[in-house]
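# Residue-level structure breakdown
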Amino acid sequence: MAGSLLDGKATLITGAGSGIGAATAVVFARHGAKVIVADIDEEAGRRTVAEVEAAGGEAAFVWVDVRRSDAVKDMVDFTVERFGRLDCAVNNAGVDTAGDGRLHEVGEEAWDASITVNLKGVWWCMKHELARMVQQGSGSIVNVASVAGLVGIEAPFVSAYVAAKHGVVGLTKAAALEYATSGIRVNAVCPGAVRTQMVDDLIAQGIMTLEQTAAYHPVGRYANPPEIGEAIAWLSSDAASFVTGLPMAVDGAMTAR
Ligand SMILES: NC(=O)c1ccc[n+]([C@@H]2O[C@H](COP(=O)([O-])OP(=O)(O)OC[C@H]3O[C@@H](n4cnc5c(N)ncnc54)[C@H](O)[C@@H]3O)[C@@H](O)[C@H]2O)c1
């Protein structure tokens, strides 16, 4: 896949076992990147590796729990051992914590479950990725935040998720400034609703309906995972060389209102 947007880029994607992460792995491979598929779910991760290979790309699986510093460090080391460097990191692993009630009804356990994966997990990943990228003097990080990182979402009740995703946008901006002269760009994508397992689970739990999901977006539909992957691919590529510190809405105009 020579001559492509991400030709030969050594890429690491967390949460690449399903949904947005899996689609992004395939999109990156189609654009010429070599991909490390990292996930807590080994079976799902290996399925993504097979999908990338079926699309003619190069990929390998590494197990990670983004809540654990040692596992995250091993993931970065694995990428460097395998590809010799880390050009692009996509911090996408996340959990949905909708439906816990309004803020005064949310328990400490539910709060911690969201913050530990959705915010602290991204921080662990950035910490270990940046250590490597500083050594190289180059790199790109794209964090997968959400429209919930830009605005509040009143229903389904997701205050902890909104707080975590705003935190991811904050970390993105802070790091973009701290590493601006180190050859490292740090951006975020903020998707609207995307048809993935996460959304299917919310529908199955009766927390929202597909029609509601589509109606949230002025374009009248939810996103498909590769549409998010393409935005991440462009932000990660040298084509976006002057773009850093950007939380980019990919939301069918949802936050334009
Ligand atoms: N689906 C949406 O509508 C939507 C919208 C905006 C943002 N997002 C964000 O996009 C990202 C991906 O969501 P998705 O919809 O593809 O979800 P998904 O549930 O389909 O995929 C999430 C992946 O992350 C993995 N994961 C979960 N906890 C992990 C951990 N501790 N360590 C490593 N991997 C872990 C899961 O095994 C899974 O493969 C999340 O950060 C989510 O918050 C999703």
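Residues numbered from 1 in each chain as written. Predicted model: local features only at pLDDT ≥ 70, side-chain atom pairs only at ≥ 80, totals over all residues. Heavy atoms only, no water.

This is how it is decided: UniProt positions are given in the numbering used here, feature names are shortened, and annotations may be inferred rather than shown by experiment.
In the nomenclature of an unreviewed UniProt entry, the chain corresponds to Glucose 1-dehydrogenase from the organism Nonomuraea indica. Regarding the chain, the relevant UniProt record gives this comment under Sequence similarities (unreviewed entry): "Belongs to the short-chain dehydrogenases/reductases (SDR) family."

## Some thoughts on the overall build of the chain
To keep it simple, the criterion reads: Counting from the N terminus, the helices are DSSP H or I runs at least four residues long and the strands are E runs at least two residues long. This radius of gyration counts C-alpha atoms alone. The globule rule is 2.2 Å times how many residues there are, raised to the power 0.38. The rule is simple: take the accessible area with a 1.4 Å probe, protein chains only, and divide by the maximum for that residue type; under 20% is buried, over 50% is exposed, in between is partly exposed. Contact definition: two residues touch when any of their heavy atoms are within 4.5 Å. Reported accessibility uses the Shrake-Rupley method at a 1.4 Å probe radius. Residues are deemed covered only where the shown protein chains occlude them. Here the positive residues are Lys and Arg and the negative ones are Asp and Glu; neither His nor the chain ends is included. Positions of charges follow a simple convention, taking NZ of Lys, CZ of Arg, CG of Asp or CD of Glu.
Summing up its helical and strand segments, the chain has 8 helices and 7 strands in all. Radius of gyration (C-alpha) of the chain: 17 Å, near the 18 Å computed for a compact globule of 257 residues. Overall, the chain is about 45 × 35 × 35 Å in size when its C-alpha atoms are taken along their principal axes. Per-residue burial for the chain yields a buried fraction of 53% across its 257 residues. Counting contacts in the chain only where the partners sit at least 6 residues apart, residues at least 24 apart contribute 74% of the total. Total accessible area on the chain stands at roughly 11200 Å², and carbon and sulfur atoms take up 53% of it. The averaged location of the 30 negative side-chain charges in the chain is 5 Å from the averaged location of its 20 positive side-chain charges.

## Some points on the packing of aromatic side chains
Rule in force here: Stacked, edge-to-face and tilted labels apply to pairs of Phe, Tyr and Trp rings (six-membered ring for Trp) whose centres lie within 6.5 Å, assigned for plane angles under 30 degrees, over 60, and everything in between, in that order.
Counted by the stated rule, this structure contains 1 aromatic pair. Both rings, one in tryptophan 123 and one in tryptophan 124, keep their centres 4.7 Å apart while their planes meet at 45°; by these two values the pair is tilted. For tryptophan 123, a relative accessible area of 35% translates into the label partly exposed. A residue is classified by how much of its surface remains accessible, and tryptophan 124, at 16% relative accessible area, is buried.

## What to know about the site of the ligand
Basically, it comes down to this: When at least one non-hydrogen atom of a residue lies within 4 Å of a molecule or strand, that residue is treated as near it. Two N or O atoms form a polar contact when they lie within 3.5 Å of each other; inside protein one atom must be a possible hydrogen donor and the other a possible acceptor, and for residues adjacent in sequence the pair counts only when both atoms belong to side chains.
In the vicinity of the ligand lie 29 residues, with Ser18, Asp39, Tyr161, Val194 and Thr196 positioned nearest. One of the side-chain nitrogen or oxygen atoms of lysine 165 is found 3.0 Å away from an oxygen atom of the ligand. When isolated, the ligand has an accessible area of 830 Å², and the protein chains bury 91% of it. Elements with a minimum of two residues in the shell around the ligand: α1 (19-30), α5 (159-178) and α6 (197-204). Top contributing element to the shell around the ligand by residue count: α6, with 3 residues.

## Describing the pairing of strand β3 (residues 58-63)
Rules: Paired strands, in this sense, are two strands between which DSSP finds at least two bridges. When the strands point away from the viewer, a crossover counts as right-handed if the path from the first strand over the helix to the second runs clockwise.
Here strand β2 (residues 34-39) runs beside β3; their pairing, made up of 6 bridges, is parallel. When the bridges of β3 are listed, valine 37 appears paired with phenylalanine 61. With helix α2 (residues 42-54) bridging β2 and the parallel β3, this β-α-β connection has right-handed handedness.

## Focus on helix α3 (residues 69-83)
To be explicit about the condition: Between the first and last residue of a helix there are one fewer steps than residues, each counted as 1.5 Å, and that sum is the expected span.
An ideal rise of 1.5 Å per residue puts 21 Å on 15 residues; α3 measures up with 21 Å between its terminal C-alpha atoms. All of the buried residues along α3 are Ala71, Val72, Met75, Val76, Thr79, Val80 and Phe83. Glycine 84, located one to two residues past α3, shows a positive phi value of around 85°.

## Considerations on the packing of α1 against α2
Filter applied, for reference: In this analysis, axes come from line fits to C-alpha atoms, helices being fitted only over the stretch in contact, and the angle between any two N-to-C directions falls in the range 0 to 180 degrees. Here is the rule for angles: anything less than 35 degrees is roughly parallel, anything more than 145 is roughly antiparallel, 65 through 115 is roughly perpendicular, and the remaining ranges are oblique. Here a crossing is taken to be left-handed if its near helix is turned anticlockwise relative to the far helix by less than a right angle, and right-handed if that turn runs clockwise. Side-chain classes are defined by residue name, with Ala, Val, Leu, Ile, Met, Phe, Trp, Tyr, Cys and Pro counting as nonpolar, Asp, Glu, Lys and Arg as charged, and the others, Gly among them, as polar.
At a minimum axis separation of 9 Å, α1 and α2 run at an interaxial angle of 25°. With respect to α2, the element α1 is oriented roughly parallel. Handedness of the crossing formed by α1 with α2: right-handed. When α1 is examined against α2, the residues Ala22, Ala25, Val26 and Ala29 are found in contact with a partner set consisting of Thr48, Glu51 and Val52. The residue inventory of the contact of α1 with α2, partitioned by class, reads 5 nonpolar, 1 polar and 1 charged.

## Focus: the side chain of threonine 24
Topologically, threonine 24 is positioned in helix α1. A distance of 2.6 Å separates the side chain of threonine 24 from the backbone oxygen of isoleucine 20, its partner in a polar contact. With residues up to four places along the chain from it excluded, the contact list for threonine 24 reads Ile13, Gly229 and Ile232.

## A few points about unusual backbone geometry
Its identity is not glycine, yet alanine 253 carries a phi of approximately 75°, on the positive side. Assignment of secondary structure puts alanine 253 in the segment after β7 (247-250).

## Digging into the environment of glutamate 230
Turning to its location among the elements, glutamate 230 is positioned in helix α8 (residues 225-236). Residue classification places glutamate 230 among the partly exposed residues on the basis of a relative accessible area of 40%. Through-space distance from the C-alpha of glutamate 230 to that of threonine 24 is 7.2 Å; in sequence the pair is 206 residues apart. Excluding residues within four positions of it along the chain, glutamate 230 makes contact with Val27 and His31.

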